[in-house]
Amino acid sequence: MPLTSHRRRLTLSAATLVTALAAGLVPATTALAAEPAARPAPTTAPATPAPDMDGVAAALDAAMANGAPGAMARFAGPDGVRSRTAGVRDRETGAPMDIHARFRVGSVSKTFSTVVLLQLVQEGRLELDQPVNRYLPGLLPDDRITVRHLLTHRSGLSDYTNAMFADTVPGFEAVRNRVFTYRELVGLSLAEPRTTEPGVSYRYSNTNFVVVGMLIEELTGRPVADAYQKRIFKPLRLRGTSYVHPDTRIAGLHARGYLHPDAAGDPLVDSTEQTVSWAQSAGAVISTPADLNTFTSALMRGRLLSPAMMDAMTTVTPTDATNTRFYGLGLRRYDLSCGTQVFGHTGTVQGFYTYTFSTRDGRRSLSAVANTSNHGAANTALGGTLEAAFCGKAPAAAPSARTAAPARGATVLPAERDLPERH
């Protein structure tokens, strides 16, 4: 509340407060806080639950039980860093999962792209509510589609990956080594019907962030890789993070990714090496759990964007009917069972599922990855790391709780999909 309002409330007389309470105008907690300054009421900050690392480990094990060769998670908070690993990062060699390993972060790249674009907004080089065609003349068939519509997935542009990966493994193999231009990818989208009128509703589409990459390159005159490096990777010292498109390799220590075929029982496909040209600014960043913790924490602490831009980025709308999942500007918000809100993004790219989220104050962050994809049960299980890390141990059920509400984390919502999947 404004400081002047707070001071006025503190000067209320006891009689005034009693009258207000009787009328139901002031909550009792406000009355307690308004005692005379000479005898301030004791206040206790809400306890921050310690991360349940056993619960995190159980979520990693569950991801493996649902088809992931390995999984890992790293939690950073006021009391330090804690991590867990499970399974292998390389099925051929049997090398165990390593918390320092690099991997493809998939759609977490969208948050990196959004930060760059919002920095350009801060610099006055574009406006969120101006048509995309103002900056990329003639690109889109509808002048009503704004920059904000792209970042919030409300443009109505069809997601070209739906057709591209309708057959998961053949679709992947067809593009594994291919190099696309941005305009080719946009053309694939425009060949399909639009999903909604601009601004009407949320419809996740990788096309939106392909256009974001085009805007970044048009406004800076440089490849998007340069913008990532100059504006995010270097200032935050993200030494394990890179954007190597169209190179196919993940340099250094890394986890290998494994893609589930559509036919049950068919062998996993090693999908580690690929250009990711089909995604580019929508999904081609490579990183580590530590770097993702640093990135989401720094973002939430205001190290990358102004307060006004952070307000815009964290203004969200629902993505489903649960009233627990939301989307802002290139940023997801999940409302957990304990009341904690976390901001970040999920990621899917062939062979990898990723979650990276932080509390709004940036004091606690979690990054988790499983080295598989096209197996939604593994993705959903991996999402269980969020509840365990940010809500702590679930309270014990009451002895006579046959009709009580489910214990925290008992109901697990299916993972949100960043790519089409068959399983």
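To be clear, the structure that these remarks concern was listed above.
So, here is what we can say about the structure in this document. (Residues numbered from 1 in each chain as written. Predicted model: local features only at pLDDT ≥ 70, side-chain atom pairs only at ≥ 80, totals over all residues. Heavy atoms only, no water.)

Let's shift gears to the overall build of the protein chain. On a plain count of helices and strands, the protein chain comes out with 15 helices and 13 strands. Sorting the 423 residues of the protein chain into buried and exposed places 54% on the buried side. Sequence separation of at least 24 residues holds for 70% of the intrachain contacts in the protein chain that already meet a minimum separation of 6. Entry remark: accessible area of the protein chain is about 18500 Å², with carbon and sulfur atoms responsible for 54%. (Helix = DSSP H or I, 4+ residues; strand = E, 2+ residues; numbered from the N terminus. Buried < 20%, exposed > 50% of the residue type's maximum accessible area, 1.4 Å probe, protein only. Contact = heavy atoms within 4.5 Å. Areas by Shrake-Rupley, 256 points an atom, 1.4 Å probe, with all protein chains shown as cover.)

For the rest of this paragraph, the subject is the state of the cysteines. Tallying each qualifying case throughout the model produces one disulfide. With a sulfur-sulfur separation of 2.0 Å, Cys338 is cross-linked through a disulfide to Cys391. Around the S-S axis, the bridge from Cys338 to Cys391 shows a dihedral of about -70° and counts as left-handed. Pair noted here: Cys338 is in the loop between strand S9 (332–335) and strand S10 (341–349) and Cys391 is in helix H15 (residues 376–391), with a separation of 53 residues, a long-range link. (Disulfide = S-S within 2.5 Å.)

Counting residues in hydrophobic clusters, the biggest one holds 78 residues, and the most contacted among them are Phe112 and Trp278. For this core, the element with the highest residue contribution is helix H11 (residues 206–220), accounting for eight residues. With residues up to four places along the chain from it excluded, the contact list for Phe112 reads Tyr228, Ile232, Phe233, Leu238, Thr241, Val285, Leu292 and Phe295. Counting 27 residues, the second largest nonpolar core, distinct from the first, contains Met53, Ala86, Tyr334 and Ala388. (Core = buried A, V, L, I, M, F, W, Y, C linked by side-chain atoms within 4.5 Å.)

Counted at 1.5 Å a residue, the expected span for H15 with its 16 residues is 22 Å, and the 23 Å between its end C-alpha atoms agrees. With respect to burial, H15 is a largely interior element, 14 of its 16 residues being buried. Phi turns positive one or two residues past the end of H15, at Gly392, with a value near 75°. (Expected span 1.5 Å × (residues − 1).)

All right, on to the environment of Val224 then. Inspection of the secondary structure assignment puts Val224 in helix H12 (residues 224–233). Residue Val224 is classed as buried on the basis of its relative accessible area of 2%. Here the alpha-carbon distance between Val224 and Val212, two residues 12 residues apart in the chain, equals 9.8 Å.

Right, let's get into the packing of aromatic side chains. If you walk through the whole model with that rule in mind, you get nine aromatic pairs. Plain terms: the ring middles of Phe112 and Tyr228 are 6.4 Å apart, the flat faces sit at 75° to each other, and that makes the pair edge-to-face. Of this pair, Phe112 sits in helix H5 (residues 109–122) while Tyr228 sits in helix H12, and the two are 116 residues apart along the sequence. Like Phe112, the residue Tyr228 is buried in the burial classification. (Phe/Tyr/Trp six-rings, centres within 6.5 Å; stacked < 30°, edge-to-face > 60°.)

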